[in-house]
Each structure stands twice: as C-alpha cells, then as structure tokens.
Amino acid sequence: MARILILGGGSGGLVVANKLARGLRGTDHEILLIDRSPYHYFMPSFPWVALGFKEPEQVRRPLKNLERKGVRVIQGEVQEIRIPEKRVRVNGEDLSYDLMVVSLGAEVKPDLMPGFEMAYHPWTIDGALRMREAIQRFQGGRIVIGVSGPYYRCPPAPYEIAGQLDFALRARRLREKSEIVLAHPHPQPLSAMGPAISGVISEILANKGVRFEGNFNAKAIDPQRRVLMGTDGREIPFDLLIMVPPHRPSSAGMCPGLLTPAGFPLVDPKTFRCMADPEVFAIGDMVNPAINLPAAGVVAHFQAEFVANQILAELKGAYIGESFTPVAMCIMDFGDDAVLPMCDFTRILDLAGPPSCGVLGRSKAIRLVKMMFESMWFATYLS
Amino acid sequence: MEEITLQDPKAQEALERALRLLIRMNETGTLTFLEDVTELLPDSLSYLMDPRLLKIGANLAYLLHVVELLEPTLITVMMSRLVEELNQELTPERMKELPRVGPVSLLKAMGDPDVQRGLGILLLFLRVLGRAFDRSSQELLGLMEQTEKTLAELRRQRAEMERQALSVQAS
C-alpha cells in the first residue's frame, strides 16, 4: 500500500486527486490532499467577482467533496517539506509519504511593494471583494492598472480587467469622465505570446480607449502623491489603482539547495519530477516560470494529468494515461468582447524556438464558453 | 415558484413519462452508454487539446476573420456582377472554340478598355502584394532576431540550473 500526498487543492492538485481516485479505485492505496483553505476556488472568475458579475459562493466548492471519491482531505498549512526524510509538516504534525505531488501555486505578497496598501486587486477572493467596493465608490477619474513584476498568475488577466472596467464604466455613464491606463513590463500587450495574439488585444484595447504604457516596470507606489512609480523614472498619477501584487512561488521551505535563485523547485522539464527526489513531482505556478511555461491553471491541469499517469503507471505496473500537452488556452472576457487565444509551448519547453500562438475565436459569445467551462470544472472535479 | 408535491397530477404525469423514458434507455443500452460517457468527460479536454488541432483551429479562425472583415454589400455587388459577366462570356458556344491569343492579338487586346481596366487591377494587386510581403518579412526578421536573443538567455539560465542541481546531487 502506498500513501500519495497531494499538496495544494488548486487546479493541479484537484486534477491529480481526481485522476488518482479514479485510477486507484478498489485498491488500498491512500490519497491525501492538503490545502490551507476548505474550498477550491475557480480563480479565472475572480475578476467577475470584482466586477459584480459573480458572488464568492458561485466560484468555489468545498474540497471535502473529494472525500466521496475516496480522497482524504486535510485542511491545514504546509509548514515544511523534508524530502530526504519523505515527510511533510502540516498543522504541527509530520505526515509521511511514498509519492508526493507538490502543487502549492504562487502566493501573493503585497508587502513586497512599497505603498501597496493604496492598491486593489482581484488575485484573491478577499481582494476581489475589496476591489468591488472601490469600483462602486469610484465616480470618475483615472484608473491605472499596474503590474508589479513579470511573475504573476494568469498573464492575460490585467488586459481582461482593463476591458471589463471600460464596459462597467460605460454602463454607469462614467466612461467619459474616466481614463483607463494599463502599465505593463511588456513592450506591447501580451507581446510574449507573439504578434497574432498581441495584435488582437492591442486592437481591443485601442477600441476601448485604454492607454497602454509599455516597458513599465513598477518600483513603488507613492500614497501621498497617488502615483505609480517606474524603475525608469516614469510616474503615472491615479485616482484608483488596480495592481497585480508581487507573487512568489509557494515552495514552503521545500528542500533547501534544490531551488532556483528565484525560489522555484528544480524539476526535470520532461517529467516534472523533482531533482531532489524523483518520487516527488512539482507542478503548476510554483515551477512553471523556471521551465519557461506560463503561470496559468490550464498548464497545471495538463501537468497534473501527466503526473497522475506516471504515478498510476508506477503503482499499477502498467497504465496508459495522458501525455503532457504543453498548450495553454485562456478565455479573455472584455465585457462586450471576448477572445480565445491559444499557445503551443512545445518549442520553448525544449528551448528550440518561440511558442506558436494564435487566436481560436473572437466574439462576445466566448464569455458563455468561460461560464460553461466553470460549470463543467466543478461538476467534473468537485461534484 | 409554486410548491410541487408528488400528489400533484402534473408531477405524476411528468414522473411517469420520465420513468418510461429511463426504462426505454435502460433496455436499449443508452443509459449504460451515458454512464460511460460521464466517465470519459474529464479526459475529453486533454485529448482535444492536441496542438495540431489547435493550430488548425487558429488558422481557420483567422481565415474566417478575414471573411468577416469583408463588407457584405461590396462583396455581394462585386461578386454578382462578376458572375453575370462570366455567364455572358463563358457560353457553351464560346467554350467550344476558345480564343487563342498570340503576341499580335495580345497587343490588339491591350487596346480594349475592359482589358486595360483588368490589367490595372492586376497591377494594383501586385503592388499591394509586394508591399505587404516586404513589410511582413521585415517584421518576421525582427521577431526572429529578438527570439534568438531571448532563447540564448534562457539556455544560459537552464544550463546554470542544471549545473546547480548536479552539484547539490553530488554533495
């Protein structure tokens, strides 16, 4: 009998738990999932919560629902991962494991940016609710959407927020009294995804009158003067600041010495097995930027399927599950317009060329696909 | 919404129909098939996310977008006149004896105002084609240069990480 620990109940952890529960049905292997929250949140909907389109209860489900499938769920804080001893400290107690999947995601660290208390953001559910209140109070002026650094969850989100704000302000007849500025480290909107996607997003922002301030690396926020300051000396005054908070990988003190200088666990980019121990897998936002994949739930999802396949093959002796598909898709909802971009990261994973990206569709009807996907996600993995 | 009880005749009728349907589905095996499909549902997404299929989808979507950019009035008027003219010119009689054009008749045809207009359109199209290809090749060369720089930096970072991992494993 093997004990498999899954650290994190986000996209990656949830998919691994489901795949293993199905694949190991009827066996005596033990599957444990640990998360600090009692809920799994569908994070792509957080901007909808901030813009009043969804309520928090609609974008979350209890992780305890996994217990019906045979997964034990422990609510607790992962304090330490001791790979050489095959132990994890949770809520002050040690848990042993035979195989482990670490999918702890990225943590938001607002304190790392001076003056961040002036800013709002939808990168957490509480943050989304505070941002909603700030938008409700807003009566016109300049809204600045800033980005604290290149590493953050869901790279297209700031663009979506800009588009959704334009739509919301038009509905409240405040758009003519307002200006929306998007300040980003990239030279062009989503330029890392190539000209096909960048061109469409630039066109949408231009149509919506959103000013794009490129190559802007934010350094700090001056609360007294209400300005966002860039490393190159540029300053952007604001009346309302929405800011992607600084993110850091949630490595939970994992295996000192086997992290990159930026704190990402070192993994084999072909198998996602840790360099420290091949019986430990690390997936999702806590590793992906270090292997040139984006910090996005969809990538964690496909990694999770592949990792579950490897675990099932190991435990059952033979198993043909999913291979890893290095693609990402994201439904970008701009309120009255929506885009479905996709990128194939096969070449960049091998460092052989840029990602191959295109647009699968552009229509406001695509918002419906996002809503249906959210519903399917909960029904499939947490019903 | 009004409260519904099992004693309600409407509820009984609906339930009876649903039960009959379920029995029929069970007898025909449809219910078993649906059970299997629900097992497949969580896997379907990853099979559909084949990069080849996605690229075909993205290219088709772009071609459809080009069609979307065309103005229906313009296209309808232009295409209908083109079809009319083709129908007038390409008659069965004409097809039996297709005109043969040599250097002399080509020069003669150049005097025809319709041929002159057609040539003008072709030349205009050639000019647009040349200009567009020139711009796109410049843009692509710039992108390739930028990509090479980025990849070189990423290769350097990965080599550094691998070196670090090896030294930790050795110790």
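Residues numbered from 1 in each chain as written. Chains lettered and ligands numbered in written order. Predicted model: local features only at pLDDT ≥ 70, side-chain atom pairs only at ≥ 80, totals over all residues.

**Q** Report on the overall build of chain A, specifying residues and quantitative values.
**A** When its secondary structure is counted, chain A shows eight helices and 23 strands. Computed over C-alpha atoms, the radius of gyration of chain A comes to 21 Å, within 12% of the 21 Å expected from 2.2 N^0.38 for 383 residues, which places it in the range of a compact globule. When the 383 residues of chain A are sorted by exposure, 51% land in the buried category. For chain A, restricting intrachain contacts to residue pairs at least 6 apart in sequence, the fraction spanning at least 24 positions comes to 65%. (Helix = DSSP H or I, 4+ residues; strand = E, 2+ residues; numbered from the N terminus. Rg over C-alpha atoms; globule rule 2.2 N^0.38 Å. Buried ≥ 20, exposed ≤ 12 C-beta atoms within 10 Å, placed from the backbone. Contact = placed C-beta atoms within 7 Å.)

**Q** Please set out the interface of chain B and chain A residue by residue, giving values where relevant.
**A** A common way to state how big an interface is: give the accessible area lost once the parts meet. Facing 21 residues of chain B, the contacting portion of chain A comprises 24 residues. The set of elements that each furnish at least two residues to the side of chain B that touches chain A consists of helix H2 (30–48), helix H3 (51–69) and helix H7 (113–170) of chain B. At nine residues, the largest contribution of residues to the side of chain B that touches chain A is made by H7(B). Looking at the side of chain B that touches chain A residue by residue, the class counts come to 13 nonpolar, five polar and three charged. (Nonpolar A, V, L, I, M, F, W, Y, C, P; charged D, E, K, R; others polar.)

**Q** Tell me about the pairing of strand E15 (residues 227–230) of chain A, and please be specific about residues and values.
**A** Residue and element names in this part refer to chain A. With four bridges joining them, strand E14 (residues 218–222) and E15 adopt antiparallel strand pairing. Directly across from Asp222, in E15, lies its bridge partner Val227. The antiparallel pairing of E14 with E15 creates a hairpin that spans four residues between the two strands, and Arg226 there sits at a positive phi of about 50°. Where E15 and strand E16 (residues 235–237) come together, three bridges link them in antiparallel fashion. Bridge pairing in E16 places Met229 opposite Glu235. Between E15 and E16, which pair antiparallel and follow one another directly, the connecting turn spans four residues, one of which, Gly233, has a positive phi of 95°. (Pairing = 2+ DSSP bridges.)

**Q** Explain the domain arrangement of chain B to me, and be specific about the residues and the numbers.
**A** As assigned here, chain B comprises domain 1 (9–69) and domain 2 (116–171). When each unit is reduced to the centre of its C-alpha atoms, the spacing between domain 1 of chain B and domain 2 of chain B is 40 Å. (Domains from an automatic or database assignment.)

**Q** Describe the sheet that holds strand E13 (residues 210–213) of chain A, listing the residues and the values that go with them.
**A** Residues and elements named next belong to chain A. Ordered by their spatial adjacency, four strands build an open sheet running E13-E12-E11-E17, and the pairing between neighbours is parallel. The open sheet has two free edges, formed respectively by E13 and strand E17 (240–244), since each of these has just one partner strand. Ignoring strand direction, the axes of neighbouring strands in this sheet form an average angle of 20°. Two strands pair when backbone bridges link them, and strand E12 (residues 178–183) and E13 are joined in this way by four bridges, in the parallel orientation. By the bridge assignment for E13, Leu182 is matched with Phe212. (Axes fitted to C-alpha atoms, helices over the stretch in contact; angles between N-to-C directions.)

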